[in-house]
Amino acid sequence: MTASSEIPQLRDPWMVAAFEGWNDAADAASGTVDHLIEEWDAELLIELDPEEYYDFQMHRPHVLAGDDGERLITWPAPQVFHARPPRGDRDVLLLRAPEPNFRWKAFCSTVIGVAKLAGVTELVTLGALLADSPHTRPVPVTGSTNDAALMERMSLQPSRYHGPIGITSVLNEIAVQEGIAAASLWAAVPHYLAEPPCPKATLALLHALEDAMGMPLPQGVLAEMTDAWQRGAEDLTSRDDEIAEYVEALENERDTSELPEASGDAIAREFERYLRRRNVDPE
């Protein structure tokens, strides 16, 4: 483990984590963390040694040419960044990494050890999955937590999922064991548009994370990128009658399954985001 400097004094920090791979359909989850690193000009705090956690035949290093012509090898190392959001009173640690191939429990214990050393009390992991979700509707984001305070504040439910899991589930479990409240947010990416990136799903995760953190998050160019993605998706589906028919079926299924009160909740959340961005207390 290496660090650019000693861990500074942080303001009641959160940790937000996303992993490339199985948990990251269309790069939507890792794209959210990358977006915040860029928008907040976050600084690299800690980089973990990848040797213990990765199969380099699956996560191959890259060679790059520096400005002076020197060739440099970059490794798929997990990185923790530190950000001080200008419009919030809490610092944020941002973890981005490929999903490890080996020693998941040791990896997660190391990450949570860093989080505890930094004073993190709450963790949000981000994920994205391919789903039967039409691109013409808002991207669904589901969340879960077993922490009572987060459950109430974020309007989440305990997870009832049974089946294979990714590294985010292990990280959340070890966080809870170590006294850190943990929640998980997942975006549903249209499976017929799985090629990354999917800025619409990234923006949906950003909005859900904004609700979780209770502070405005910078959108940057994500809204414009989402509009461009939407136009491209509509153009693609309009040129294939079978896909267009399939999308219509998904729309009908989605529209009939959504309750009016769910739409009302979505409108209320969007209005609260609007007030936060205007620096007005929604209370």
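Residues numbered from 1 in each chain as written. Predicted model: local features only at pLDDT ≥ 70, side-chain atom pairs only at ≥ 80, totals over all residues. Heavy atoms only, no water.

A. Structural detail: the overall build of the chain. When helices and strands are counted, the chain shows eight helices and 10 strands. Here the chain holds 283 residues, and the buried ones make up 46% of them. Residue pairs in contact within the chain that sit at least 24 positions apart in sequence constitute 79% of those at least 6 positions apart. Accessible surface for the chain amounts to roughly 15200 Å². Of this, 51% is attributable to carbon and sulfur atoms. (Helix = DSSP H or I, 4+ residues; strand = E, 2+ residues; numbered from the N terminus. Buried < 20%, exposed > 50% of the residue type's maximum accessible area, 1.4 Å probe, protein only. Contact = heavy atoms within 4.5 Å. Areas by Shrake-Rupley, 256 points an atom, 1.4 Å probe, with all protein chains shown as cover.)

B. The arrangement of the pairing of strand S2 (residues 14-20) in detail. The element S2 is extensively covered by neighbouring structure, given that six of its seven residues are classed as buried. In this structure, S2 lies alongside strand S7 (residues 92-98), joined through seven bridges in parallel fashion. Bridging from a neighbouring strand, Ala17 pairs with Leu95 of S7. Relative to strand S8 (residues 122-131), S2 runs parallel, the two being bridged by five bridges. Residue Trp14 lies in a different strand from S8, and its bridge partner there is Glu122. (Pairing = 2+ DSSP bridges.)

C. Structural detail: a nonpolar patch on the surface. Taken together, the side chains of Trp22, Tyr161 and Ile165 define a hydrophobic patch exposed on the protein surface, amounting to about 360 Å² of accessible area. When you line up the elements, Ile165 lands in the loop between helix H3 (148-154) and helix H4 (167-177). (Patch = residues over 30% accessible without salt bridge, like charges linked within 9 Å, V, L, I, M, F, W, Y side chains within 5 Å. Salt bridge = Lys/Arg side-chain N within 4 Å of Asp/Glu carboxyl O.)

D. Structural view of the packing of helix H1 (residues 28-39) against helix H5 (residues 199-213). The interhelical angle for the contact between H1 and H5, taken along N-to-C directions, is 65°, at an axis separation of 8 Å. Viewed along their axes, H1 and H5 form a crossing whose handedness is right-handed. Residues Ala28, Ala29, Gly31, Thr32, His35 and Leu36 of H1 form the contact with H5, whose own contacting residues are Ala201, Thr202, Leu205, Leu206 and Leu209. When the residues that make up the contact of H1 with H5 are grouped by side-chain class, the tally is seven nonpolar, four polar and no charged. (Axes fitted to C-alpha atoms, helices over the stretch in contact; angles between N-to-C directions. Left-handed = near helix turned anticlockwise from the far one by under 90°. Nonpolar A, V, L, I, M, F, W, Y, C, P; charged D, E, K, R; others polar.)

E. Looking closely at the nonpolar core. The biggest cluster of nonpolar side chains holds 47 residues, and the ones touching the most others in it are Trp40, Leu94, Leu126 and Val189. Top element by residues in this core is H5. It accounts for nine residues. Other than its neighbours up to four places away in sequence, Leu94 contacts Val16, Val33, Leu36, Ile37, Trp40, Ala42, Gln79, Val80, Phe81 and Ala83. (Core = buried A, V, L, I, M, F, W, Y, C linked by side-chain atoms within 4.5 Å.)

F. Just the pairing of strand S4 (residues 62-65), in detail. Sheet analysis places S4 next to strand S5 (residues 71-74), joined by four bridges and oriented antiparallel. When the sheet's bridge partners are listed, His62 is paired in S5 with Thr74. Where S4 folds back onto S5 in an antiparallel hairpin, the turn is made up of five residues, including Gly69, whose phi is positive at roughly 90°.

G. A negative patch on the surface, seen in detail. On the surface, Asp240, Asp241, Glu242, Glu245 and Glu248 cluster together to form a negatively charged patch. Secondary-structure assignment places Glu245 in helix H7 (residues 241-257). By relative accessible area, which is 58% here, Glu245 ends up exposed. (Lys, Arg positive; Asp, Glu negative; His and termini not counted. Charge placed at Lys NZ, Arg CZ, Asp CG, Glu CD.)

H. Inspection of the pattern of salt bridges at higher detail. All chains considered together, the criterion is met by 10 salt bridges. In this structure, the salt-bridge partner of Arg96 is Glu20, at a minimum N-O distance of 2.6 Å. In this pair, Arg96 is assigned in strand S7 and Glu20 in strand S2, connecting sequence segments 76 residues apart. Taking the relative accessible area as the measure of exposure, Glu20 reaches 30% and is therefore partly exposed.

I. A look at unusual backbone geometry. The residue after Pro196, namely Pro197, is reached through a cis peptide bond having omega 0°. Note that Pro197 resides in the loop between strand S10 (181-190) and H5. We note that Asp12 has phi near 40°; this positive angle belongs to a residue other than glycine. Within the element layout of this structure, Asp12 appears in the loop between strand S1 (2-3) and S2. The exposure class assigned to Asp12 is partly exposed, which follows from its relative accessible area of 42%. A positive phi angle, near 50°, is found at Asp41, a position not held by glycine. Along the polypeptide, Asp41 turns up in the loop between H1 and strand S3 (43-47).

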